[in-house]
Amino acid sequence: MQNAKTREAYAKARSLMPYGVSSNFRYWGDDTPVISRGAGACVYDADGNEYIDYRLGFGPVILGHGHPAVVERVQQAIVDGTCFALTGEWEIRAAEKVLRLLKWPDLMRWTTSGTEATMHAIRIARAHTGRERILKFEGNYHGNHDYLLFSTAGAWPGSMGSRRSPIPVASTSGIPRHVTDYVITVPYNDVELLETTVARCAQDLAAIIVEPVMGNCAGITPVAGFLETIRRLCDEHGIVMILDEVKTGFRIANGGAAEVYGVTPDMATYAKALGNGFPVAAIAGRRAVMETIVPGQVMQGGTYCGNAVGVAAADAVLDMLEREPVLEQIAAQGRKLMQGLGEILSQAGVAHHLLGHGAMFGLVLGTDEPREHRDWAKTDRQRYEHLMLGLVQHGVMPDLDSREPWFLCAAHDDGLIDRTLERFETVLKTL
Ligand SMILES: Cc1ncc(COP(=O)(O)O)c(C=O)c1O
């Protein structure tokens, strides 16, 4: 995957940064690509090779790389300075749009990344309830802080114990041992287990946090009644329900998964598509929960929270989403691609499943449809990786790992979808 300049650039990166990357998820081994620019739905490596991009920065780029309306708004903002340690006017302007598009929340706060958003959300939930433990689902990822980095899709199911009494597995060394005491893990989509677990420890639970669609495990969707059960249990036991909409928010609908599935959480976290690739995130919630934040009593803050660069980008994205049916168009293109991939695989006799939503869908190879992370582990991951590697070599770039969904943006037009399908068919024949 590396021609001369890319190889040289990556060698230099390796001499400067561990494994030559700024995030472990970006390491592809010795031939990790180095990207020099993006335009619309394509990215270009250091040698100028073009790739149709279905990773989109792991989801943020919703309008297209370097979208002119976003670039222009950010340029407009930055000439007046970006960081004032006081509320900026851009924050107010964009916050009004966030709440208008989402409809259900009363209040919101800006953060810079999804990690910060979920970290703060669980602190608010703990302060609100006076309880300490958090229930999360196996295969869900909520960012890089210690409190929720357990039993993510990177955990090997063999280490996670029985489904009836799951072991929370730390996804990294370096998390203090006792942090595990604060985490309870449950397999995704198992309503019965969820009910029995909550019945056992409800009085200790501050929050149940959930990815409404498994954006970090092949786009697996919630079975009917799963999100509704979380809502009901939270209501019955005074637990804060947190929807982690970092991947689904401003991507699968203007109102995110809360709108699509008709479930209203107490708090939700947003990032990624909100900024089209600029660093911006948000926590939104019901007034009673958000008003738990009180200066001097319950802390939420950060030097770059509400920074004009990210917030101006969000302002431009939200304008576009409000004015035009952008997300509907992206979803339609995604469904077209899903259908095309499905037909090619079926004609070749390859057992597969296409999961999720048009704007963010998963593809897994195998006969059984996964409903949770433990099922995903039984799919043919190696064959998938081979197929994707072939595609990358033919200028189409989904992630090599089937846990990571295919993401589409507004710039994936018919021509790019057709080209993707042609190349997919070619690569499949060569395997
Ligand atoms: C569902 C979900 N929550 C939280 C995060 C963390 O967001 P960030 O990478 O912006 O810190 C991610 C990142 O992929 C995510 O997918």
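Residues numbered from 1 in each chain as written. Predicted model: local features only at pLDDT ≥ 70, side-chain atom pairs only at ≥ 80, totals over all residues. Heavy atoms only, no water.

Q: Help me understand the pairing of strand β6 (residues 183–186) in this model?
A: The side chains of a regular strand alternate, residue by residue, between the two faces of the sheet. The two faces of β6 match: V183 and T185 on one face and I184 and V186 on the other face are all buried. For strand β5 (residues 133–137) and β6, the ladder comprises four bridges, and the chain directions are parallel. Paired with K136 across the bridge in β6 is T185. (Buried < 20%, exposed > 50% of the residue type's maximum accessible area, 1.4 Å probe, protein only. Helix = DSSP H or I, 4+ residues; strand = E, 2+ residues; numbered from the N terminus. Pairing = 2+ DSSP bridges.)

Q: What is the right way to look at the nonpolar core in this model?
A: Note that soluble globular proteins tend to have their nonpolar side chains buried in a common cluster. W110, F137, I230, F250, L274 and W406 are the most contacted members of the largest nonpolar core, which totals 109 residues. Considering each element in turn, this core owes the most residues, ten residues, to helix α9 (residues 308–323). When sequence neighbours within four positions are dropped, the list of residues in contact with L274 reads V98, W110, F250, V280, A281, A282, A313, A314, V317 and L318. If you look at the next biggest cluster of nonpolar residues, it comprises 20 residues, including I124, A206, A281 and M290. (Core = buried A, V, L, I, M, F, W, Y, C linked by side-chain atoms within 4.5 Å. Contact = heavy atoms within 4.5 Å.)

Q: Explain the environment of Q2 to me, please; I cannot follow it from the model alone.
A: Within the element layout of this structure, Q2 appears in the segment before α1 (4–16). Considered as a pair, Q2 and G275 are 273 residues apart in the sequence and their alpha carbons are 30 Å apart. Other than its neighbours up to four places away in sequence, Q2 contacts R7, Y10, D30, D31 and T32. Among the polar contacts made by the side chain of Q2, one reaches the main-chain carbonyl oxygen of D30 at a distance of 3.3 Å. (Polar contact = N/O pair within 3.5 Å; in protein donor to acceptor, adjacent residues only side chain to side chain.)

Q: Mind showing me how you'd approach the domain arrangement of the chain here?
A: Interfaces are often sized by the amount of accessible area the parts lose when they come together. With domains assigned, the chain is organised as domain 1 (4–66 + 325–430) and domain 2 (68–323). Each of domain 1 and domain 2 has a C-alpha centre, and the two are 25 Å apart. Contacts between domain 1 and domain 2 engage 33 residues on the former and 47 residues on the latter. Carbon and sulfur atoms make up 61% of the surface buried where domain 1 meets domain 2, a total of about 3200 Å² over both sides. Per-residue buried area on domain 1 facing domain 2 is highest for M360, H373 and R374; these three make up 23% of the total on that side. Connecting domain 1 to domain 2 are three salt bridges. The partner of E404 in a salt bridge is K247, and the shortest N-O contact between them spans 3.0 Å. (Domains from an automatic or database assignment. Buried area = accessible area lost by both parts, 1.4 Å probe. Salt bridge = Lys/Arg side-chain N within 4 Å of Asp/Glu carboxyl O.)

Q: I tried to follow α1 on my own but got confused; where do I start?
A: Note on helix geometry: an α-helix contains 3.6 residues per turn, so any two residues three or four positions apart are oriented the same way. Over its 13 residues, α1 runs 19 Å from end to end, which matches the ideal 18 Å to within 8%, given 1.5 Å per residue. Where α1 is buried, its residues meet β2 (42–45). (Expected span 1.5 Å × (residues − 1).)

Q: I keep staring at helix α5 (residues 191–201) and nothing clicks. Help me out?
A: The set of residues buried in α5 consists of L193, L194, T197, V198 and C201. Within α5, the buried residues cover an arc of 125 degrees as seen down the axis, which keeps them to one side. With respect to the buried face of α5, the exposed residues turned more than 90 degrees away are E192 and A199. Here the buried face of α5 lies against β5, β6, β7 (205–210) and α6 (226–237). A distance of 3.3 Å separates the backbone nitrogen of E192 from a side-chain oxygen at the start of α5, and that oxygen is part of D190. (Arc of directions from axis to C-beta.)

Q: Help me understand the site of the ligand in this model?
A: Around the ligand, a shell composed of S113, G114, T115, Y141, H142, G143, E211, N216, D244, V246, K247 and K272 is seen. N216 is positioned such that a nitrogen or oxygen atom in its side chain is 2.9 Å from an oxygen atom of the ligand. With respect to the ligand, the side chain of D244 contributes an N or O atom lying 2.7 Å from a nitrogen atom. Coverage of the ligand by the protein amounts to 84% of the 390 Å² it exposes when considered alone. In terms of residue class, the shell around the ligand is built from two nonpolar, six polar and four charged. (Near = heavy atom within 4 Å. Areas by Shrake-Rupley, 256 points an atom, 1.4 Å probe, with all protein chains shown as cover. Nonpolar A, V, L, I, M, F, W, Y, C, P; charged D, E, K, R; others polar.)

Q: Whenever I open this one, the pattern of salt bridges confuses me. Can you help?
A: Two side chains with opposite charge may pair up if their charged atoms get near one another. Summed over the entire model, instances satisfying the criterion amount to 23 salt bridges. For the salt bridge of D235 with R231, the shortest nitrogen-to-oxygen distance reads 2.8 Å. Of this pair, D235 and R231 both sit in helix α6, four residues apart, roughly one helical turn. Taking relative accessible area as the criterion, D235 reaches 53% and is therefore assigned exposed.

Q: What should I look at first to understand the sheet that holds strand β13 (residues 396–397) in this one?
A: By way of backbone hydrogen bonds, the strands of a sheet pair with one another, either parallel or antiparallel. Reading across from one edge, β1-β2-β3-β13 is the order of the four strands in this open sheet, with mixed pairing throughout. Across the chains shown, the open sheet's two edge strands, defined by having one partner strand only, are β1 (35–39) and β13. Pairing of strand β3 (residues 50–53) with β13 involves two bridges; the strand directions are parallel. Bridge pairing links I52 to V396 in β13. Contacting β2, β3 and β13, helix α13 (residues 414–430) crosses the sheet at an angle of about 105 degrees to β3. (Axes fitted to C-alpha atoms, helices over the stretch in contact; angles between N-to-C directions.)

Q: Hey, could you run me through unusual backbone geometry in this one?
A: Glycine aside, residues mostly have negative phi angles, and peptide bonds mostly take the trans form. Residue L56 is not a glycine yet carries a positive backbone phi of 50 degrees. Looking at the secondary structure, you find L56 in the loop between β3 and α2 (68–78). Of note, F58 is a non-glycine position whose phi angle comes to about 70 degrees, a positive value. For F58, a relative accessible area of 15% translates into the label buried.

Q: Is there a simple way to explain the packing of aromatic side chains in this structure?
A: Within a pair of aromatic rings, the relevant descriptors are the distance that separates the centres and the angle that separates the planes. Under the definition given, this model contains nine aromatic pairs. Ring plane angle 90 degrees and centroid distance 6.4 Å describe the contact between F25 and F58, whose orientation is recorded as edge-to-face. In this pair, F25 sits in the loop between α1 and β1 while F58 sits in the loop between β3 and α2, placing the two residues 33 residues apart along the sequence. Pairwise contacts between aromatic rings join F25, F58 and Y141 into one cluster. If you follow R37 out to its NZ or CZ, it ends over the ring of Y44, 4.1 Å from the centre. A cation sits over an aromatic face here: R126 above Y147, 4.3 Å from the ring centre. (Phe/Tyr/Trp six-rings, centres within 6.5 Å; stacked < 30°, edge-to-face > 60°. Lys NZ or Arg CZ within 6 Å of the ring centre and 35° of its normal.)

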